[in-house]
Amino acid sequence: MQQCKTKKSTANFLILCLLTLSLVISSMGQTNREAGKKKAAKRIGIGAAIGGAAGGLMGGRKGALIGAGVGAGGGAAYHVHKKRQYRKRHRH
């Protein structure tokens with residue numbers, strides 16, 4: 001029982017850290033508004049971290065790996081969407 005409480009408190013702490021980190025990173029602005037490599041890495045990394053945390057809570061180590069992969073894929077898809085949206089609005 002003690003081990004279960006420790007795992008839950010550790011998981012909650014990690015989730016809180018990830019949420020705080022994602023808010024800090026998202027508040028940092030870039031001078032260049034075009035989606036570049038840094039922005040892509042940030043979006044994919046945040047997706048992987050959130051997916052890994054959620055997968056870890058549900059399925060342990062294997063779930064964390066699967067969740068991180070799915071989250072990274074989702075982050076990449078989101079980046080492609082935002083990049084296309086930017087190019088569509090800012091045509092020259």
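Residues numbered from 1 in each chain as written. Predicted model: local features only at pLDDT ≥ 70, side-chain atom pairs only at ≥ 80, totals over all residues. Heavy atoms only, no water.

**Q** What exactly am I supposed to notice about the overall build of the protein here?
**A** Secondary structure summary: the protein contains two helices and zero strands in total. The 92 residues of the protein split such that 17% are buried. For the protein, long-range pairs separated by at least 24 residues make up 53% of all intrachain contacts whose partners lie at least 6 apart in sequence. By element, 64% of the accessible surface of the protein is carried by carbon and sulfur atoms, the whole surface being about 7,300 Å². (Helix = DSSP H or I, 4+ residues; strand = E, 2+ residues; numbered from the N terminus. Buried < 20%, exposed > 50% of the residue type's maximum accessible area, 1.4 Å probe, protein only. Contact = heavy atoms within 4.5 Å. Areas by Shrake-Rupley, 256 points an atom, 1.4 Å probe, with all protein chains shown as cover.)

**Q** Help me understand the environment of Ala64 in this model?
**A** Mapped onto the elements of the fold, Ala64 is located in helix α2 (residues 37–89). C-alpha separation for the pair Ala64 and Gly51, spaced 13 residues apart in sequence, amounts to 7.3 Å. Other than its neighbours up to four places away in sequence, Ala64 contacts Gly52, Gly55 and Gly56.

**Q** Can you help me understand the layout of surface pockets in this one?
**A** To find the voids left in a structure, one rolls a probe of water-molecule size over its atoms. Of the pockets and cavities examined, the second largest pocket occupies roughly 240 Å³. The wall of the second largest pocket is formed by 13 residues, among which Lys7, Thr10, Ala11, Gly56 and Leu57 lie closest to the centre. Secondary-structure elements contributing two or more residues to the lining of the second largest pocket are α1 (2–27) and α2. At seven residues, α1 tops the list of elements feeding residues into the lining of the second largest pocket. Considered class by class, the residues forming the lining of the second largest pocket number seven nonpolar, four polar and two charged. (1 Å grid on protein atoms, 1.4 Å probe; cavity = no way out; pocket = protein on both sides within 12 Å on 5 of 7 lines; lining within 4 Å. Points joined across faces, edges and corners; volume = space filled by probe spheres on them. Nonpolar A, V, L, I, M, F, W, Y, C, P; charged D, E, K, R; others polar.)

**Q** Looking at this structure, I do not really get the environment of Gly51. What am I missing?
**A** In this fold, Gly51 is placed in helix α2. Separated by 20 residues in sequence, Gly51 and Gly71 place their C-alpha atoms 4.4 Å apart.

**Q** Could you clarify how one ought to interpret the side chain of His79 in this entry?
**A** Inspection of the secondary structure puts His79 in helix α2. A residue is classified by how much of its surface remains accessible, and His79, at 9% relative accessible area, is buried. Only 3.1 Å separates the side chain of His79 from the side chain of Arg43, close enough to count as a polar contact. (Polar contact = N/O pair within 3.5 Å; in protein donor to acceptor, adjacent residues only side chain to side chain.)

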